[in-house]
Amino acid sequence: MPAFLLLTLMTAIRVLSRNRLRAGLTMLGIVIGVGAVIAMVSIGEGAKAAVQAQVASMGTNVIIVLPGSTTVGGVRGGQGGAVTLTVSDALEMKKRIPLLQDTGWAKRDVMQSVNGNKNWNGPVNGVSPSYLTIRDWSFTSGGPFTQADLDAAVRVALVGQTVVENLFEAGEEPVGSVIRIKNVPFRVIGVLAPKGQSAQGSDQDDIVFIPFSTAERKVFGTQFIGSVGALFAATERQEDLFAAVDQIREFLRARHRLQVEQGDDFTIRTQVDIGKVQEGTSQTLTVMLLSIAAVSLLVGGIGIMNILLVSVTERTREIGIRMAVGAKRRHILMQFLIEAMTLSVVGGTLGILFGIAGARLTTVIAGWPTIISGNTVLAAFLFSLAVGLFFGLYPAHKAARLNPIDALRYE
C-alpha cells in the first residue's frame, strides 16, 4: 500500500507538472486564503496583546468614576456635563468601602507649558499623590510629590517623556529646572517613565502632573472648590472589582441624595470594561478579515474542483486504459484525490510562507504589532487540506464511476 501511494503521488506530480501555469493558477486561491488567514490572525493577536498592555498601563485593578449622566430641566447631559464629583467623595469612599485599597482624584485642562524659548501645548493634570500610586506611575528620574506638597499647594511638577522631548534640549536634565504653566513657575521634581498610548489611543506620555490644590488655586481656577474631573479607586484583588463598583454606586447615590427614579449623576468604568470594548473592536475586525480569507480558500477549492473536472475530461481515454489493464475504481478515486491534495499541500505551504512574510512586513512597514501563532499556522494548513479533499471528492468520484468501455471509445 505505501508503494502504491508513493507511485500515485509521483504520478500526480507528473500530471500536474505538465501544465505548470494552470496548476499554479489553481493553487493561487489556496495560497491567498492560507496567507490571509495567518496574516490576519497574527495582526489580530498583536492588536489584542497591545490592548492588554495599554489597559495594564492604567494601573492594577483600577476603577474610574466620571461626573455626568445628569438630567437638568429635562436635558440629559453626558460625562463631564455637570459638576457632580468632589474631593470629599473620594475621601469618604475610602473610609466607607473596605474593598477599596486607595482612592484618588484628578482634574485636567489643556494649556501651554514654557521652558526658556521652548513651549508645548498639552494636558496638565492636577492630581492627588494617591492618583500616581493607583495609576502605577514610575519615574526615570526624580520622584513624586507628597501629601505635604498637596496640603501646602506647592508649585512642583512631574513631566512625561513627550513633554521632556518638546520642552528640553537633548541630554538636558529636567529635574530641578523651572517651567511656567499659565505664567506660574513650577519646579520639575520628577520625570515619568513612558507608558505609551492609552486604550483610547491618546499619548499617556504627553502629560504634566501638578498637585491638585495648586492646580485649583493657582492655575485652573474653578467655580466650585473641590470639584474634580474624575475619581480613581483601586482594589487589592481583581475579583473584588465588580463588588466594589456596586458599593461605589450605592455609596454615591446615597451621598448625592438621588431618588430611586433618578438616574446616576456619575459613570463608572473599570479596566475590564475598557479592555472588553477594545478587544471586542479588534475581534470584530479580525472576524471580518477571516471571513474574507475563508472565501478565498473556498474560491481556491472551487478552482481545484474545476481543474480536476477538466482533467477528468482530458484523461477519459487514459482512465479507460488503466481500468482495462486491471485498475480498480478505488485506484482511480485515489489518483484524483491525491492530485487535489497535492495542489492543497503545495498551495498551503506557499500560503504559510506568504502569510508569515505578510505579518512581518506589516510590523516593519506599518508598525503594527503581530504575533504569529503555531496553532494558527497549523489550523490554516489543515483547513486548506480539508478544502482540497472536499472539492476533490466530486471529480474523483466522477472519474472512478466512468464506464471502461465508454472511456476507451472517448476521443
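Described below are features of the structure shown in this document. (Residues numbered from 1 in each chain as written. Predicted model: local features only at pLDDT ≥ 70, side-chain atom pairs only at ≥ 80, totals over all residues. Heavy atoms only, no water.)

For the chain, the count of helices and strands is 13 helices and 12 strands. A sequence separation of at least 24 residues applies to 76% of the contacts in the chain between residues at least 6 apart. Roughly 20,800 Å² of accessible area belongs to the chain as shown, and the carbon and sulfur atoms make up 60% of that amount. (Helix = DSSP H or I, 4+ residues; strand = E, 2+ residues; numbered from the N terminus. Contact = heavy atoms within 4.5 Å. Areas by Shrake-Rupley, 256 points an atom, 1.4 Å probe, with all protein chains shown as cover.)

Let's shift gears to helix 10 (residues 316-324). Among all positions in helix 10, only Thr316, Ile319, Gly320 and Met323 are buried. Seen from one end, helix 10 has its buried residues packed into an arc of 100°, which puts them on one side. At the exit of helix 10 stands Gly326, carrying a positive phi of roughly 120°. (Buried < 20%, exposed > 50% of the residue type's maximum accessible area, 1.4 Å probe, protein only. Arc of directions from axis to C-beta.)

Once their charged atoms are close, side chains differing in charge can pair, the charge on each being opposite to the other. Applying the stated criterion to the full structure yields 12 salt bridges. When the shortest N-O distance is used, the salt bridge between Arg255 and Asp89 registers 2.4 Å. Within this pair, whereas Arg255 is found in helix 8 (residues 241-255), its partner Asp89 is found in helix 3 (residues 87-96), the two being separated by 166 residues in sequence. A residue is classified by how much of its surface remains accessible, and Asp89, at 2% relative accessible area, is buried. Taking the shortest distance from any N to any O, the salt bridge between Asp240 and Arg237 comes out at 2.9 Å. The exposure class of Asp240 is buried, given its relative accessible area of 11%. Given the relative accessible area of 44%, Arg237 is considered partly exposed. (Salt bridge = Lys/Arg side-chain N within 4 Å of Asp/Glu carboxyl O.)

Limitation: the analysis is restricted to geometry and does not speak to function.
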